[in-house]
Amino acid sequence: MSIDWNALTPWSSLAGGALIGLAALLLLHTNGRIAGISGIVGGLLRPATQDRGWRIAFILGMLIAPTVWALAGNLPAMVIDADLPLLIVAGLVVGISTRYGAGCTSGHGVCGISRLSPRSLAATVAFMASGFITVFVVRHLLGGG
């Protein structure tokens, strides 16, 4: 394993993390809602949602922000080394899992841990452990990328 030190971006990473935290804090204090993406999108899929407006605004903000960034400068190159069917299956597995886990990495990992939620701490440990195990199996046992 080697580290690409030229790709290390501590200041922009810190700024991005601070903006994510600020956005989560503002949503919690203005709407009393957790900034968990699976919960926000899931709320849009329910037919009788009274709070559809802020959910749509949140999702649009996530889609528009990279476009604004691209207008201001160059976006980093994106390389995806997986087939489309595999990506679709992986997305479905993640989506179903977030419903069973009552939240996603943004809801539990960012918002839940900052609220000192034991359930969110356990969920985040499970997310991270699953990721570590998956990378180990794919890279070292199966010999993949």
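Going by the structure above, here's the rest.
Residues numbered from 1 in each chain as written. Predicted model: local features only at pLDDT ≥ 70, side-chain atom pairs only at ≥ 80, totals over all residues. Heavy atoms only, no water.

In terms of regular secondary structure, the protein is built from six helices and zero strands. When the helices and strands of the protein are listed from N to C terminus, the series reads α-α-α-α-α-α. Here the protein holds 145 residues, and the buried ones make up 17% of them. Sequence-distant contacts, at least 24 apart, represent 35% of the contacts inside the protein between residues at least 6 apart. On the protein, roughly 11100 Å² of surface is accessible, and the fraction owed to carbon and sulfur atoms is 71%. (Helix = DSSP H or I, 4+ residues; strand = E, 2+ residues; numbered from the N terminus. Buried < 20%, exposed > 50% of the residue type's maximum accessible area, 1.4 Å probe, protein only. Contact = heavy atoms within 4.5 Å. Areas by Shrake-Rupley, 256 points an atom, 1.4 Å probe, with all protein chains shown as cover.)

Between helix α2 (residues 37-45) and helix α3 (residues 52-72), the least distance of the axes is 9 Å, while the angle of their chain directions is 125 degrees. In terms of orientation, α2 and α3 fall into the oblique class. Crossing angle aside, the handedness with which α2 passes α3 is left-handed. For the pair formed by α2 and α3, the contact residues are Ile 37, Gly 39, Ile 40, Val 41, Gly 43 and Leu 44 on the first element and Arg 52, Trp 54, Arg 55, Ile 56, Phe 58, Ile 59 and Met 62 on the second. A breakdown of the residues in the contact of α2 with α3 according to their chemical character gives nine nonpolar, two polar and two charged. (Axes fitted to C-alpha atoms, helices over the stretch in contact; angles between N-to-C directions. Parallel < 35°, antiparallel > 145°, perpendicular 65-115°, else oblique. Left-handed = near helix turned anticlockwise from the far one by under 90°. Nonpolar A, V, L, I, M, F, W, Y, C, P; charged D, E, K, R; others polar.)

A separate point is the side chain of Asp 51. Within the fold, Asp 51 resides in the loop between α2 and α3. Residue classification places Asp 51 among the buried residues on the basis of a relative accessible area of 14%.

A word on the nonpolar core. Core analysis: the biggest nonpolar cluster contains seven residues, these being Ala 24, Leu 27, Ala 35, Ile 40, Trp 54, Ile 59 and Cys 111. Residue assignment for this core shows that the elements contributing at least two residues are α1 (10-31) and α3. Sequence-distant contacts of Ala 35, that is, excluding residues within four places in its chain, are made with Ala 24, Leu 27, Ile 40, Phe 58, Ser 106, Gly 107 and Cys 111. (Core = buried A, V, L, I, M, F, W, Y, C linked by side-chain atoms within 4.5 Å.)

Next up on the list: the pattern of salt bridges. This structure, assessed with the given rule, holds two salt bridges. Across the pair Asp 51 and Arg 55 runs a salt bridge, and its minimum N-O distance is 3.1 Å. Here the salt bridges do not stand alone but share partners, grouping Arg 33, Asp 51 and Arg 55 into one network. (Salt bridge = Lys/Arg side-chain N within 4 Å of Asp/Glu carboxyl O.)

What follows concerns helix α4 (residues 84-100). For α4, built from 17 residues, the straight-helix expectation of 24 Å at 1.5 Å per residue is met to within 8% by its first-to-last C-alpha distance of 24 Å. Phi turns positive one or two residues past the end of α4, at Ala 102, with a value near 55 degrees. (Expected span 1.5 Å × (residues − 1).)

In this section: unusual backbone geometry. Despite not being glycine, Leu 116 has its phi angle at roughly 60 degrees, a positive value. Secondary-structure assignment places Leu 116 in the loop between α5 (105-114) and α6 (118-141).

To continue, consider the environment of Arg 115. Within the secondary structure layout, Arg 115 lies in the loop between α5 and α6. Given a relative accessible area of 45%, Arg 115 falls into the partly exposed group. For Arg 115, the contacting residues outside a window of four places in its chain are Leu 28 and Ile 34.

A separate point is α1. The end-to-end C-alpha distance of α1, which contains 22 residues, comes to 31 Å, matching closely the 32 Å that a straight helix rising 1.5 Å per residue would cover. Where α1 terminates, the next one or two residues include Gly 32, which has phi positive at roughly 70 degrees.

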